[in-house]
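# Fold and geometry: a report
Spelled out, the chains give:
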Amino acid sequence: MTALPLVFDAPRRGMPPRHLADLSPEEARTAVTELGQPAFRADQLARHFFRGVTDPAQMTDLPAASREALTEALLPGLLTVVRHQTADNGRTRKTLWRLHDGALVESVLMRYPDRATVCISSQAGCGMACPFCATGQQGLTRNLSAAEIIGQAVAAAAAMANGEIDGGPGRLSNVVFMGMGEPLANYARVRKTLDALLTPAPHGLGLSQRSVTVSTVGLVPAIRRLTDEGRNVTLAVSLHAPDDELRNTLVPINTRWKVAEVIDAADAYARKTGRRYSIEYALIRDVNDQPFRADLLGELLAGKLAHVNLIPLNPTPGSPWDASPLPAQREFVARLRAAGVATTVRDTRGQDIDGACGQLAAADRVEGVPSLAVPVPSVEPPLELGAEGDE
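Residues numbered from 1 in each chain as written. Predicted model: local features only at pLDDT ≥ 70, side-chain atom pairs only at ≥ 80, totals over all residues. Heavy atoms only, no water.

### Some details on the overall build of the protein chain
Scanning the protein chain for helices and strands turns up 10 helices and 14 strands. Taken over 391 residues, the protein chain has a buried fraction of 59%. (Helix = DSSP H or I, 4+ residues; strand = E, 2+ residues; numbered from the N terminus. Buried < 20%, exposed > 50% of the residue type's maximum accessible area, 1.4 Å probe, protein only.)

### So, the confidence of the model for the protein chain
In this model, the protein chain carries a mean pLDDT of 88, and residues with pLDDT of at least 70 account for 88%. The low-confidence segment residues 356–391, where pLDDT is below 50, has 129 contacts with residues more than four positions distant or belonging to other chains. (pLDDT = per-residue confidence, 0-100. Contact = heavy atoms within 4.5 Å.)

### Section: helix α9 (residues 291–301)
Looking only at α9, the buried set comprises R293, A294, L297, G298 and L301. Looking down the long axis of α9, one finds its buried residues gathered within 145° of arc, a one-sided arrangement. Buried positions along α9 lie against α7 (244–250), α8 (259–273), β10 (277–283), β11 (306–312) and α10 (326–338). (Arc of directions from axis to C-beta.)

### A short note on the pairing of strand β9 (residues 234–238)
The two faces of a sheet get side chains in turn, since along a regular strand they alternate between them. Counting buried positions along β9 gives 5 out of 5 residues, so the element sits mostly inside the fold. The sheet contact formed by strand β8 (residues 212–216) and β9 spans 4 bridges and is parallel. Bridging from a neighbouring strand, T216 pairs with V237 of β9. Crossover handedness for the path β8 to helix α6 (residues 220–228) to β9: right-handed. Where β9 meets β10, 3 bridges bridge the pair, whose relative direction is parallel. The residue bridging V237 from the neighbouring strand is I279, located in β10. (Pairing = 2+ DSSP bridges. Right-handed = clockwise from strand over helix to strand, strands pointing away.)

### Points about the environment of G170
Looking at the element boundaries, G170 is found in the loop between α4 (146–161) and β7 (174–177). Distance from G170 to R111, taken between C-alpha atoms, is 9.4 Å for residues 59 residues apart in sequence.

### Quick look at the sheet that holds strand β3 (residues 104–112)
If you walk across this open sheet you meet the 10 strands as β1-β2-β3-β4-β7-β8-β9-β10-β11-β12, and the pairing is mixed. A single partner strand is all that each edge strand has here, and the edge strands are β1 (80–87) and β12 (342–345). Sheet twist, expressed as the average angle between the axes of neighbouring strands with direction ignored, equals 20°. Against the sheet, α8 makes contact with β9 and β10, and its axis sits at roughly 145° relative to β10, the strand it touches most. Against the sheet, α9 contacts β10 and β11, and its axis sits at roughly 170° relative to β10. (Axes fitted to C-alpha atoms, helices over the stretch in contact; angles between N-to-C directions.)

### Comments concerning the packing of aromatic side chains
Taken as a whole, this structure holds 4 aromatic pairs when the rule is applied. Here F8 and W257 contribute two aromatic rings whose centre-to-centre distance is 6.3 Å and whose plane-to-plane angle is 90°, an arrangement assigned as edge-to-face. In this pair, F8 is assigned in the segment before α1 (25–34) and W257 in the loop between α7 and α8, connecting sequence segments 249 residues apart. By relative accessible area, which is 23% here, F8 ends up partly exposed. Judged by centre distance (6.5 Å) and plane angle (70°), the rings of F132 and W321 are edge-to-face. Of the two residues, F132 is situated in the loop between β5 (123–125) and β6 (140–143) and W321 in the loop between β11 and α10; the sequence distance between them amounts to 189 residues. Residue F132 shares its accessibility class with W321, and that shared class is buried. (Phe/Tyr/Trp six-rings, centres within 6.5 Å; stacked < 30°, edge-to-face > 60°.)

### A word on the pattern of salt bridges
One pass over the full model with this rule turns up 16 salt bridges. A salt bridge links D114 to R115; the nearest nitrogen and oxygen atoms lie 2.8 Å apart. On the basis of relative accessibility, which here comes to 17%, the residue R115 falls in the buried class. One salt bridge in this structure joins K304 and D267, with 2.8 Å as the shortest N-O distance. (Salt bridge = Lys/Arg side-chain N within 4 Å of Asp/Glu carboxyl O.)

### Observations concerning the packing of α1 against helix α2 (residues 41–50)
When two helices pack together, their arrangement is given by the angle between their axes and by how far apart the axes lie. Relative orientation of the contacting elements α1 and α2 amounts to 115°, with a least axis distance of 8 Å. As α1 runs across α2, the sense of the crossing is right-handed. Facing α1, whose interface residues are A28, R29 and V32, α2 presents R41, A42, D43 and L45. Per-class residue counts for the contact of α1 with α2 are 4 nonpolar, no polar and 3 charged. (Left-handed = near helix turned anticlockwise from the far one by under 90°. Nonpolar A, V, L, I, M, F, W, Y, C, P; charged D, E, K, R; others polar.)

### Topic: the side chain of R346
Structurally, the position occupied by R346 is in the loop between β12 and β13 (365–366). A residue is classified by how much of its surface remains accessible, and R346, at 6% relative accessible area, is buried. At 2.3 Å, the side chain of R346 forms a polar contact with the side chain of E280. (Polar contact = N/O pair within 3.5 Å; in protein donor to acceptor, adjacent residues only side chain to side chain.)

### As for the environment of L70
As for its position among the elements, L70 is in helix α3 (residues 64–74). On the basis of relative accessibility, which here comes to 1%, the residue L70 falls in the buried class. Separated by 28 residues in sequence, L70 and A42 place their C-alpha atoms 9.3 Å apart. Setting aside residues no more than four positions away along its own chain, L70 makes contact with L35, Q37, L45, L62 and L75.

Listed below in structure tokens is the structure:
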């Protein structure tokens, strides 16, 4: 397998038209007044957007003569559904979205008895080049705008409210930045998205900070920036190896920032927020699942405010990588727990629709543009192995 280069700067491509969700509330009010409308119309537009209302005819609190002009200027359609696929008896839905320039991204909505979680993408493709991840092997197409990222969560919230997912009407409770892309490589737009997710109506979804998770392969300066800015969202670090020698291969960003630096940054985040961070670890047969590596990981994390999520890898077509067998998983868990490290094994939702972690392959073409793969985790509590739940 040919190694791909790391890509930090997204290719220069045309970004989508301006959208209300790209603006602060103050900027939105200014934009509305520039269109000859009173400033409070911005709040009305925001309320419609965050409720998932897209048809101007349903925005009956706006003057009929102004609806089309306002929505065209500030609520342009940015995400077009190519198709939905469902799994798990209708409780998991994967959506393929086409963006304004033909780029494709995916999100996955997962309903559990006690919550509903959407896994969203922050980039089209990914520049981090992890060899076992289908998305990483596709390369980076471009960053998403804040409105494109936010729109995925808004669509999921509307799907839950409208009863589109098995189980009847409900509420979106959790958002995880674990879809396509490295969120912290698109920092400014992800940060704006966090503001929208956490801000109460009308200018946001009003989620709690503890219900939002930002994942990263370990961009240390960006982790420290997130720490300094004072958000208390959950931090998830995709580690996948406890030693630099192996991690340099599995997670090439490790050639920039070593394991110890990544853990130091995560520890600083935990000290600042009082929240434990999650270590994501894909268990790959005969690659990183050896007992001695479990011991190394246990030594690395012992006494820290950290929790390990072990993810049996889901192979993608043509990939040499495969999941660790169940005995190896059990041994790994036992050794981590013996070291005093809280550990769970993640269930993998949506395998039958290629919706599980690292599994979404570049198999679709829409108007000549290939879709890119999304490593989508599930946050269902562990099945066979049992463990403590996440905080």
